[in-house]
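Observations on the three-dimensional arrangement
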Amino acid sequence: MSRTSIIDEEIHRFLDGDDAEILCIKGKWGVGKTTKWSQTLDDFAETGKLRKQRYSYVSLFGLNSLSSFRNAIFEQTVGIDDSVASPSSETLIDLFKNLPTNWRKLTNTTRGLLEKNTRLNDNVVASSTFFFVRNQLICIDDIERAGDGLRVQDVLGLALFLKEERKCKVVLLLNDEEIKDGEKGDFAAAIEKVADVALQFEPSIEEALDIAFREPSKEASLIRPKAELLNITNIRVLKKIERLVSQLLQTLVGYDDAVLEQAVRSAVLGCWSTLQPQFAPPLDFVRKHNSYSRLFEDDIDPQVGGEEQEWRSILRKYQYDYSDELDLAIFDAVEAGYLSKEEITVCAKKVEQQILHAQGGASFSAVWRDLYHGSLATSDQEFGQALFDAATNEAEYITPLNLNSAIRVLRQIGENQKADDLVDWYVEARSGEGLAFFDLKSQHFLQDEQIDKKLEDAFNMYREDYQDTRDPLLVLLNAAPERNWTDEDKIFISKMTSKQIEDTLEGLCGPNLHVAIDTILMLCRGNYPEAQKLKDEAQTAFENIANKHSLNREKLNRLGVQFPQEIQVAAD
């Protein structure tokens, strides 16, 4: 019999009996104690066999006194038919309506006294309303999270009182491992005397998934196999994963199923890593992980720690090789707490193109998986040729990070010509990407990862030789409003000569002149290699313009331009 089946049987026996009783269910945070209790109670209530007709659920999270605890039991009481709903003003009104007439008069009088005498504390109200808590079902949750003013012994004492004096059935839900150190001994001694039955709730992964995903859904079918691989049993984590996956499914309507699979895989891993860091690889580690780069681990760090080895083992079992744009966008969403639909769809389109292309020919990933990781019979030459063919065929879709791994392994097996040819082929295939793509600092290389020298030189040469034929004026004006200039914009503007800047500014008037000068000054203060060159050229252009007419220097000053001699005077 499964562990949750035993819990089910005990809860059914508890609910079906006439006798007052205390049932204690212990378990770690997030394993689904509260969810399991609520689900089983709802199912049993639907049979119409429930003996108690009133029910109160009370979380002790933050409650700081015995009087507030008593008061909460009364306030949270609902009819059993309303147990699936939260207590409300309507249910509280019903409670008072059902009180005896004389009692309603007494509570009104008491309320008047309290309004006139503020020194009377809430014990009066708590005691008076608590008098009518009897012969009902009560669930007391989060006992270990009670405030410092509410001791565990007091909670157990009140539970025993409710059972013996008020004929109530009481359920205690708690994580006994998290009870305050000073109270653990008292709890262990008292619970044996107080609880009629004490159970440990430790659901298996299958049972946890059944609790989290009670009803069939597309989200559940996509999440379950991935959660099983990672052994995620925390119900709160699973429900948060479900919410994110639901958002992703709404955002990715119409995309290839493989895109959905990847998005869900990253959502599950990202949520687990963020919400249960004590069990999962850190998200920064996952972001940088690349199973192809790990081939050269000895070159990077010969003393890899056991913890990192465990993280890699988890990712290998999960079949997570590396992070692409879609994975990173989803990880960002997990950390930020919200989903950027625009960013997700842009990344999903790129990934879908890669998937569709890979389906039509040789797969770069398949070569690594089948001929490197999955075979001891493949010769170096056979592997090298297959890797070269796959890389050239899919160069348009391979990241620089993964290409670097391919080039390095080709050199390792003596295929230097193939490695050189692959670099040239790749740069040509990706020439339409723009300057940002060829900035190796923007790619996801590990901090100490060795980048192939020819690949690095080829990327740098592309950036140096890049010819941008855009109109400088349009670039200045288009990038300015939101300051959303790209690397291409910054480099292009930084390549302007003083004469080009001078001619451009003199051709402008009104707001456009202000915008152009503001953009130039902003970029001059930037932290990028070409900023100093732009600053020098812009200063020369400003001096030339200032010297043409007597008022120009004053005009430029008003537009935010400072000249070297003015800066020196201000400093003095």
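Figured I'd write up the structure that's included with this text. (Residues numbered from 1 in each chain as written. Predicted model: local features only at pLDDT ≥ 70, side-chain atom pairs only at ≥ 80, totals over all residues. Heavy atoms only, no water.)

To continue, consider the overall build of the protein. Scanning the protein from N- to C-terminus turns up 29 helices and 6 strands. Counting all 572 residues of the protein, 48% fall into the buried class. Taking all contacts inside the protein whose residues are at least 6 apart in sequence as the whole, residues at least 24 apart take part in 73%. In the structure as shown, the protein presents an accessible area of about 29500 Å², 48% of it carried by carbon and sulfur atoms. (Helix = DSSP H or I, 4+ residues; strand = E, 2+ residues; numbered from the N terminus. Buried < 20%, exposed > 50% of the residue type's maximum accessible area, 1.4 Å probe, protein only. Contact = heavy atoms within 4.5 Å. Areas by Shrake-Rupley, 256 points an atom, 1.4 Å probe, with all protein chains shown as cover.)

With that settled, consider the packing of aromatic side chains. By the definition in use, this model includes 15 aromatic pairs. With a centroid separation of 5.7 Å and 70° between ring planes, the pair formed by Trp368 and Phe383 is classed as edge-to-face. Separated by 15 residues along the polypeptide, Trp368 in helix α18 (residues 364-373) and Phe383 in helix α19 (residues 380-393) bring together distant segments of the chain. Like Trp368, the residue Phe383 is buried in the burial classification. Ring centres of Tyr426 and Phe437 lie 6.3 Å apart, and the angle between their planes is 35°; on these two criteria the pair is classed as tilted. Of this pair, Tyr426 sits in helix α21 (residues 416-429) while Phe437 sits in the loop between α21 and α22 (453-465); the two residues are 11 residues apart in sequence, bridging distant segments of the chain. When sorted by exposure, Tyr426 lands in the same class as Phe437, which is buried. Grouping aromatic residues by their ring pairs yields a cluster made of Tyr426, Phe437, Phe438, Phe459 and Tyr462. The ring of Phe130 has Arg70 sitting right over it, with the charged end atom 5.8 Å from the ring centre. (Phe/Tyr/Trp six-rings, centres within 6.5 Å; stacked < 30°, edge-to-face > 60°. Lys NZ or Arg CZ within 6 Å of the ring centre and 35° of its normal.)

With 13 residues, helix α20 (residues 400-412) should reach 18 Å at 1.5 Å per residue; the first-to-last C-alpha distance of 18 Å fits that figure. Among the 13 residues of α20, 11 are classified as buried, and the element is accordingly described as predominantly covered. At the exit of α20 stands Gly414, carrying a positive phi of roughly 85°. (Expected span 1.5 Å × (residues − 1).)

Bringing the environment of Leu260 into the picture now. One can find Leu260 in helix α12 (residues 257-275). Through-space distance from the C-alpha of Leu260 to that of Val245 is 9.3 Å; in sequence the pair is 15 residues apart. Once residues lying within four places of it in the same chain are set aside, the contact partners of Leu260 are Lys218, Leu249 and Leu252.

Another point: the sheet that holds strand β5 (residues 169-174). Strand order in the open sheet formed by 6 strands is β3-β2-β4-β5-β1-β6, with mixed pairing between adjacent strands. In the strand order of this sheet, the two ends are held by β3 (77-79) and β6 (197-200), each with one partner. Averaged over all neighbouring strand pairs, the angle between strand axes comes to 15°, with direction disregarded. Pairing of strand β1 (residues 21-26) with β5 involves 6 bridges; the strand directions are parallel. Its bridge partner being in β5, Glu21 is matched across the sheet by Lys169. (Pairing = 2+ DSSP bridges. Axes fitted to C-alpha atoms, helices over the stretch in contact; angles between N-to-C directions.)

In terms of nonpolar packing, the biggest core is built from 73 residues, with Leu15, Trp37, Ile232, Leu269 and Leu326 touching the most fellow members. The element best represented in this core is α12, accounting for 9 residues. Those residues in contact with Leu15 that sit more than four places away from it in its chain are Trp37, Leu41, Phe44, Leu50, Arg51 and Leu137. (Core = buried A, V, L, I, M, F, W, Y, C linked by side-chain atoms within 4.5 Å.)

Take unusual backbone geometry next. Even without being glycine, Asn135 reaches a positive phi, approximately 50°. Here Asn135 is to be found in the loop between α6 (123-130) and β4 (137-141). Non-glycine residue Lys167 carries a positive phi angle of around 55°. Along the chain, the position of Lys167 falls in the loop between α7 (152-164) and β5.

A word on the pairing of strand β2 (residues 54-59). Sheet topology places β2 next to β3; 3 bridges connect them, and they run antiparallel. The residue bridging Arg54 from the neighbouring strand is Gly79, located in β3. Summarising the sheet, β2 and β4 pair through 5 bridges and their orientation is parallel. Bridge assignment links Ser59 to a residue of β4, and that residue is Asp141.

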